[in-house]
Amino acid sequence: RVKDEGRGGLRFFEPSMNAHLHARRQLEQELSGAIARDELRLYYQPLVNANTGEIESFEALIRWQHPMRGLVSPAEFIPLAEQTNLIASIGQWVIETACAEAASWPKPWRVSVNVSPSQFRQSDVPAIAAAALARNALAPNRLVVEITESVFIQDATNAVDVLSRLREQGIRLALDDFGCGYSSLSYLQRFKFDKLKIDQSFVRRLGQNTDALTIIGAIVNLGHNLGLQVTVEGVETAAQLAILRELGCDQVQGYLFAKPAPIILASDLEQARLRAMFHDPVKRAYA
Ligand code: C2E
Ligand code: MG
Ligand code: MG
Ligand code: MG
């Protein structure tokens, strides 16, 4: 274990741990220059009306186009950005870029952005959003902010304050990854969201497990009774889509319709392809 005994040096670190820390510091350093080098990209994935197949909005999902590493996924660098203060500038870039790009779309689809809990603490998200909307003459209700319930864990008072300031401007609010945390239900009481996004893990289990079906159905009814729109993410198969439509969910998102792409996929042809997936009438067996 301690190989360098004779030479003093790195006695307290496993070599592998040392290498890991070094790699991490290097990634952090590279990430800190990524905006200036224009290496960040927003990919867009459509959210589709569950009754008609009409595209209603696009979710912006960040990618890092790294010159050596290739396309880096957010799972690899967003946690790092959150642990440093890089999330503030990256998060601002996301909001500004999403608003600028959405302003040039051919139809007034909504655009959703994911906002990290640490952004709520490290930057003034409502002010950044207000400036980005104004600069691009984008109506506030075209912007959707997606947050996870973990936003309430560290400083719930601040979170509610920030959400209220977003709401006052007319920005829409979605609770992302619903159902996979510790106490999602209590947060529905603390703040009035516009929509719930049911976590992908439930859809994943739809085929194997009738409990998953019962749970999704219950969340859809709960959301509707609270006046919320319900989206299901991670839809990959036609069989899943059929069940979700029966359960009455409002909106669907997933690889079945489109993967996230560097441009919006919304041509008439694309829209016709999507609509064709929805032309079977919905059987409301569980309504
Ligand atoms: P999320 O907001 O829950 O986004 C959904 C994730 O599921 C995306 O992964 C999307 O590409 C993926 N996905 C969509 N449909 C399917 C499907 O049918 N099957 C499967 N297996 N996956 C599907 P992605 O783009 O890798 O993003 C992962 C997470 O990273 C996001 O989860 C979000 O929490 C975070 N993230 C992405 N962009 C940003 C950003 O701009 N800012 C912040 N703070 N976080 C971001
Ligand atoms: Mg999201
Ligand atoms: Mg999600
Ligand atoms: Mg997620």
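Structure: see above.
Not measured: the values here are computed from a predicted model. (Residues numbered from 1 in each chain as written. Chains lettered and ligands numbered in written order. Predicted model: local features only at pLDDT ≥ 70, side-chain atom pairs only at ≥ 80, totals over all residues. Heavy atoms only, no water.)

**Details of the nonpolar core**
Okay, so step 1: With 81 residues, the main nonpolar core has Phe120 and Val252 as its most contacted residues.
Okay, so step 2: Broken down by element, this core gets its largest block of residues, 9 residues, from helix α3 (residues 86-102).
Okay, so step 3: Apart from the residues lying within four places of it in its own chain, the contact partners of Phe120 are Val115, Val125, Ile147, Val151, Asn158, Ala159, Val162, Leu163 and Leu166. (Core = buried A, V, L, I, M, F, W, Y, C linked by side-chain atoms within 4.5 Å. Buried < 20%, exposed > 50% of the residue type's maximum accessible area, 1.4 Å probe, protein only. Helix = DSSP H or I, 4+ residues; strand = E, 2+ residues; numbered from the N terminus. Contact = heavy atoms within 4.5 Å.)

**Observations regarding unusual backbone geometry**
Okay, so step 1: Here Asp38, not a glycine, exhibits a phi torsion of approximately 60°, which is positive.
Okay, so step 2: Mapping Asp38 onto the fold places it in the loop between α1 (15-32) and β1 (40-49).
Okay, so step 3: Assessed through its relative accessible area of 51%, Asp38 is described here as exposed.
Okay, so step 4: Positive phi values are uncommon outside glycine, yet Ala137 reaches one of about 50°.
Okay, so step 5: In this fold, Ala137 is placed in the loop between α5 (125-135) and β5 (143-147).

**Topic: helix α11 (residues 238-246)**
Because the α-helix completes a turn every 3.6 residues, residues three or four places apart line up on one side.
Okay, so step 1: Within α11 the residues assigned to the buried category are Gln240, Leu241, Leu244, Arg245 and Glu246.
Okay, so step 2: Each element contacted by the buried residues of α11 is listed here: α9 (200-204), α10 (210-225), β8 (229-233) and β9 (251-253).
Okay, so step 3: Following α11 by one or two positions, Gly248 has its phi on the positive side, about 85°.

**Points about the pattern of salt bridges**
Close approach of charged atoms lets side chains of opposite charge pair.
Okay, so step 1: Throughout the structure, instances matching the rule amount to 10 salt bridges.
Okay, so step 2: Its salt-bridge partner being Lys197, residue Glu233 comes within 3.7 Å of it at the nearest N-O pair. One end of the pair, Glu233, is in strand β8; the other, Lys197, is in strand β7 (residues 195-198), and 36 residues separate them in sequence. For the pair shown, Glu233 and Lys197 are each scored as buried.
Okay, so step 3: The shortest N-O distance in the salt bridge between Glu270 and Arg273 comes to 2.8 Å. With Glu270 and Arg273 both in helix α12 (residues 268-276) and 3 residues apart, this pair spans about one turn of that helix.
Okay, so step 4: The buried category is assigned to Glu270, whose relative accessible area is 13%.
Okay, so step 5: Take Arg273: its relative accessible area is 36%, and that puts it in the partly exposed class. (Salt bridge = Lys/Arg side-chain N within 4 Å of Asp/Glu carboxyl O.)

**Quick notes on the packing of helix α2 (residues 74-83) against α3**
For any two helices packed against each other, one specifies the crossing angle of their axes together with the interaxial distance.
Okay, so step 1: Relative to each other, α2 and α3 sit at 125°, their axes nearing to 6 Å. Comparing their axes, α3 and α2 come out oblique. Taking contact as the criterion, the partners of Ile78, Ala81 and Glu82 in α2 are, on α3, Leu86, Ile87 and Ile90.
Okay, so step 2: Within the contact of α2 with α3, the residues separate by chemical class into 5 nonpolar, no polar and 1 charged. (Axes fitted to C-alpha atoms, helices over the stretch in contact; angles between N-to-C directions. Parallel < 35°, antiparallel > 145°, perpendicular 65-115°, else oblique. Nonpolar A, V, L, I, M, F, W, Y, C, P; charged D, E, K, R; others polar.)

**Remarks on the side chain of Ser123**
Okay, so step 1: Locating Ser123 in the fold gives a position in the loop between α4 (117-122) and α5.
Okay, so step 2: Those residues in contact with Ser123 that lie beyond four places of it in its chain are Ala88 and Ile128.

**Overview of α10**
Okay, so step 1: The first and last C-alpha atoms of α10 sit 23 Å apart over 16 residues, in line with the 22 Å expected at 1.5 Å per residue.
Okay, so step 2: Listed as buried for α10 are Ala212, Leu213, Ile216, Gly217, Ile219, Val220 and Gly223. The buried residues of α10 all sit within an arc of 160° when viewed along its axis, so they share a single face. Residues of α10 that are exposed and point more than 90 degrees away from the buried face comprise Thr210, Thr214 and Asn225.
Okay, so step 3: Contacts made by the buried residues of α10 are with β6 (172-178), β7, α9, β8 and α11.
Okay, so step 4: Between the side-chain oxygen at the start of α10 and the backbone nitrogen of Asp211 there is a gap of 2.7 Å, and the oxygen is on Asn209.
Okay, so step 5: One or two steps after α10, the chain reaches Gly227, where phi turns positive at roughly 80°. (Expected span 1.5 Å × (residues − 1). Arc of directions from axis to C-beta. Polar contact = N/O pair within 3.5 Å; in protein donor to acceptor, adjacent residues only side chain to side chain.)

**Concerning the site of ligand 1**
Okay, so step 1: Near ligand 1 you find 21 residues, and of these Arg63, Asn114, Gln200, Glu236 and Tyr255 are the closest.
Okay, so step 2: The protein chains hide 82% of the 800 Å² of surface that ligand 1 would expose on its own.
Okay, so step 3: Among the elements that line the shell around ligand 1, the one with the most residues is strand β2 (residues 55-66), at 4 residues.
Okay, so step 4: Looking at the shell around ligand 1 residue by residue, the classes come out as 7 nonpolar, 7 polar and 7 charged. (Near = heavy atom within 4 Å. Areas by Shrake-Rupley, 256 points an atom, 1.4 Å probe, with all protein chains shown as cover.)

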